[in-house]
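The residues making up each chain are set out below.
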Amino acid sequence: MRKLAFGYSTRCNLRCEHCVAADEAPDNRTMELNRAKQIIVDMARAGVSGISFSAGEPFLYFNEIAALVKVCSQLGIYTRVVTNGFWAATAASADTLISELKENGLCQLRLSCSRWHQKNVNQNNLVTAAHSCQKHGLDYFISFVTDFSSEDDLLESFLRSQGVLFFPEPVIYSGRANAFTRRNICTDYQANCCDMNPYLTPDLDMFACCDAGSHFSETNFFYLGNLNTTSLEHLFIKTETNRLYTLIRTMGITPIASFAGYKARQIITHGKCELCQKLFNSPETLKNLEKNLVRLEAWKR
Ligand code: SF4
Ligand code: SF4
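Reading guide: rules and limits
- Residues numbered from 1 in each chain as written.
- Chains lettered and ligands numbered in written order.
- Predicted model: local features only at pLDDT ≥ 70, side-chain atom pairs only at ≥ 80, totals over all residues.
- Near = placed C-beta within 6 Å.
- Nonpolar A, V, L, I, M, F, W, Y, C, P; charged D, E, K, R; others polar.
- Helix = DSSP H or I, 4+ residues; strand = E, 2+ residues; numbered from the N terminus.
- Pairing = 2+ DSSP bridges.
- Right-handed = clockwise from strand over helix to strand, strands pointing away.
- Expected span 1.5 Å × (residues − 1).
- Buried ≥ 20, exposed ≤ 12 C-beta atoms within 10 Å, placed from the backbone.
- Arc of directions from axis to C-beta.
- Contact = placed C-beta atoms within 7 Å.
- Domains from an automatic or database assignment.

## Observations concerning the site of ligand 1
Taken together, C12, L14, R15, C16, C19, A21, G56, E57, N84, S112 and H117 are the residues near ligand 1. For the shell around ligand 1, the residue count by class is five nonpolar, four polar and two charged.

## Describing the site of ligand 2
Taken together, C194, M196, C209, D211, A212, G213, I248, I253, K272, C273 and C276 form the complete shell of residues around ligand 2. Of all the elements, helix α10 (residues 272-280) adds the most residues to the shell around ligand 2, at three residues. In the shell around ligand 2, the residues fall into eight nonpolar, one polar and two charged.

## A word on the pairing of strand β5 (residues 139-146)
Taken together, the six bridges between strand β4 (residues 108-113) and β5 define a ladder with parallel strand orientation. The residue of β5 that forms the bridge with S112 is S143. Taking the sense of rotation as the criterion, the β-α-β connection linking β4, helix α4 (residues 123-136) and β5 turns out right-handed. In the classification by handedness, the crossover that spans β5, the intervening helix α5 (residues 153-162) and the parallel strand β6 (residues 166-170) is right-handed.

## Points about helix α1 (residues 33-45)
Helix length check: α1 (13 residues) gives 19 Å between terminal C-alpha atoms against 18 Å at 1.5 Å per residue, within 8%. Three or more residues of α1 are buried, namely A36, I39, I40 and M43. The buried residues of α1 all sit within an arc of 100° when viewed along its axis, so they share a single face. Residues of α1 that are exposed and point over 90 degrees away from its buried face: N34, Q38 and R45. Next to the buried residues of α1 lie β1 (2-6), β2 (48-53), α2 (62-74) and α6 (232-241).

## Notes on the domain arrangement of the protein
The domains assigned to the protein are domain 1 (2-183) and domain 2 (244-297). Measuring from the centre of the C-alpha atoms in domain 1 to the corresponding centre in domain 2 gives 30 Å. Contacts between domain 1 and domain 2 engage four residues on the former and four residues on the latter. Broken down by class, the residue content of the side of domain 1 that touches domain 2 amounts to three nonpolar, one polar and no charged.

Have a look at this one:
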């Protein structure tokens, strides 16, 4: 199933300390609306069945995003909008926006939440937005980004006490969060397979990974190409046929790290994206993996 994170604009009204957006990148790049509509039509033709509007803050371009959601809905594409919820200060304002999105065919709203977001957005906004979704029959969930420190206990207890649907999610140590002190984690020795949804930027660059992967600047490992010069179909085929990407999806990051020489006790101290970065944003490690691809593909129990 082809899915994609659609970056209509990188502009955001916040500047969270944990944002994966790189500081040096211009932060207000925006797509041209008609071009965006045409790309969505092309995506439907290419068999894309799910689009997540993310990147900066989509509600800063509410009318445009609502129009794009409508195009998707008419083409039978599942849609999600990812937002920090700044617009839900009152039930009335939330209802106005949510009802319009629902009318235009939006399938799901994902509310981002964390102690960094909540320095600038009142946590009650999350509850107001969630209640508005429930009222209008719109599927939603809250993505509770955490570094698993006790500093997050209060926010997590708040979400629990409000009875809203929330799921913890690890902070990604990329972009601005790169400067964070790493927590000393020990996870289970698990495969860490990754779905790797592609990400389309406002400049029409496409990456094979929608999270930290667009910041692997040492190797550009996840960069697929640009829609101005390469067809959408060709870019999708690239992501679907790259043998290392296939191994990330099917074998998982952990066995690849073990194959590359990481000790098991080192592997369990890294989160998935961090480990991915160590492997694929290192020119030397990447070169070795590419050289030994046949042996790596046979690295199975
Ligand atoms: S984390 Fe989200 S809300 Fe915060 S600055 Fe980045 S895009 Fe904006
Ligand atoms: S594990 Fe790698 S491919 Fe998956 S989201 Fe993280 S950086 Fe992207």
